[in-house]
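# Notes for the structure review
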Amino acid sequence: MSTKHERILQYIESLPVGDKISVRQIAKEMQVSEGTAYRAIKEAENRRLVSSIERVGTIRIEKKKKENIERLTFAEIVNIVDGQVLGGKTGLHKTLTKFVIGAMQLEDMMRYTDAGSLLIVGNRFKAHENALRAGAAVLITGGFDTTEENKLLADSLDLPIISTSYDTFTVATMINRAIYDQLIKKDILFIEDIFVPMTDTSVLRNDETIQHFHKLNERTTHGAFPVVTANNKLVGMITVKDVIGREENEFIEKVMTKNPIAGSMKMSVASAGHRMIWEGIDLLPIVDDDNILQGVISRQDVLKALQLAQRQPQHGETIDDLVKNEMKVLGDEELIVEFKVTPQMTNQYGAISYGAFTTLLAEVGSFSLKRRKRGDAVAENMTIYFIKPVQMESTLTVKPRILDMSRKFVKMDFEVFNQQMLVGKAMMMFQLLER
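So, here is what we can say about the structure in this document. Values in this document were obtained by computation on a predicted structure and should not be read as measured data.

### Examining the sheet that holds strand 12 (residues 234–239)
- Ordered in space as 10-11-12-13, the four strands form an open sheet in which the pairing is mixed. Two strands bound the open sheet, and with one partner strand each, they are strand 10 (204–205) and strand 13 (257–258).
- Contacting strand 10, strand 11 (224–228) and strand 12, helix 10 (residues 210–220) crosses the sheet at an angle of about 135° to strand 11.

Written as structure tokens, this is what we have:
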């Protein structure tokens, strides 16, 4: 049985793309309180089913597949550039295929402008009209307006005309940044990408007995199961350890671990993996906002996903990516890493930032453990006990050294040199990911 929240989300998803929705309308249609309707609309926005625009309202937009995430809707463009919609509001849900900067003669501009494009241009009214007739939307920079005829044309063609106070260069930079951020998000694996849904996993009910656990354990060979109520609300976890020495007719509710650790669909796989290692659990139940069980992930699923992610080509430009790109491995016997400090890695004084420095040490430590066939590891804590300012364009040499290693933990020491001068010393503890 689905909850009110889920029913509202299903209703929103069933609406035609381009429909306007409001809290009051949803509350009336679904016979729920305005608070419940508001929460569901916010969740729909997180799931990229709708987009809320100032002075326009909330619009049902096309839900983008993950591989197509770098395409934006015109509604999202309005929010990115703090724009005002002058006409064609009914077309805000549409997706743009490319953007064209109108910094040339009109005829040349039109050669590049076709259906699905967004023409970014100043107060050139004829260009606005020609772009609309070619099937493109228009983004007017510099805070300029357009003619009433163009606004009516935009309305009739369902193609938005948007005005923004920013200049053309700033607008292009903002849109590029938004596309880049989405590419980075695309590279990050979330629980929703790898979880095993309810239909494909086994669960136990809180009113069942230990006898049911043994039958399910024999049939599936799994050693742990989520425990739910009649309406699929997660109430516990039960493992083989919990049932040792217990009577067959005892209720699961009596022996299960209550209020278990759970994850959500929007949790990153890396975060879930770290939590599972930290808490020493092999199976993580996945729930929604109402604590209804959606599925599970195992430690094995997390390991496979992280290893796959590391083999994928990276498109993003996060600090981690920048640091990895500048690392050069030297030495066969003794690992030494050479590293160049780029301007993006500096603080306001032009020296290497603390964040880039710690990322460098963590990356070198992980690489060193992989090279020793110790697999993947999670950095648990770091102590930097000596650091000197390092200017941009400097080339650093990092020497990692294992101080102590057990089956689960590794303690490492790092020395960082700029030419022959010692500029940093740190100690770091890693927790090894077991297979």
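### Considerations on the pattern of salt bridges
- Summed over the entire model, instances satisfying the criterion amount to 15 salt bridges.
- Measuring nitrogen to oxygen at the nearest pair gives 3.3 Å for the salt bridge that ties R246 to E250.
- For R246, a relative accessible area of 40% translates into the label partly exposed.
- The network of salt bridges with shared partners includes K126, E129 and R133.

### Quick notes on the packing of aromatic side chains
- Considering all chains together, one arrives at one aromatic pair under this definition.
- Aromatic side chains F213 and F225 sit 5.5 Å apart centroid to centroid with 80° between the ring planes, which places their arrangement in the edge-to-face category. Here F213, found in helix 10, pairs with F225, found in strand 11; they are 12 residues apart in sequence, far enough to count as distant. Each member of the pair F213 and F225 is classed as buried.

### Points about the pairing of strand 12
- Direction of pairing for strand 11 relative to strand 12: antiparallel, over a ladder of five bridges. For V228, the partnering residue across the bridge sits in strand 12 and is L234.
- Counting the residues between successive antiparallel strands, the hairpin from strand 11 to strand 12 contains five residues, one of them, N232, with a positive phi of roughly 65°.
- Where strand 12 lies against strand 13, two bridges are found, and the strand directions are antiparallel. The residue of strand 13 that forms the bridge with M237 is T257.

So, how was this worked out
Residues numbered from 1 in each chain as written. Predicted model: local features only at pLDDT ≥ 70, side-chain atom pairs only at ≥ 80, totals over all residues. Heavy atoms only, no water. Pairing = 2+ DSSP bridges. Helix = DSSP H or I, 4+ residues; strand = E, 2+ residues; numbered from the N terminus. Contact = heavy atoms within 4.5 Å. Axes fitted to C-alpha atoms, helices over the stretch in contact; angles between N-to-C directions. Salt bridge = Lys/Arg side-chain N within 4 Å of Asp/Glu carboxyl O. Buried < 20%, exposed > 50% of the residue type's maximum accessible area, 1.4 Å probe, protein only. Phe/Tyr/Trp six-rings, centres within 6.5 Å; stacked < 30°, edge-to-face > 60°.

Any functional reading would require information that these geometric values do not contain.
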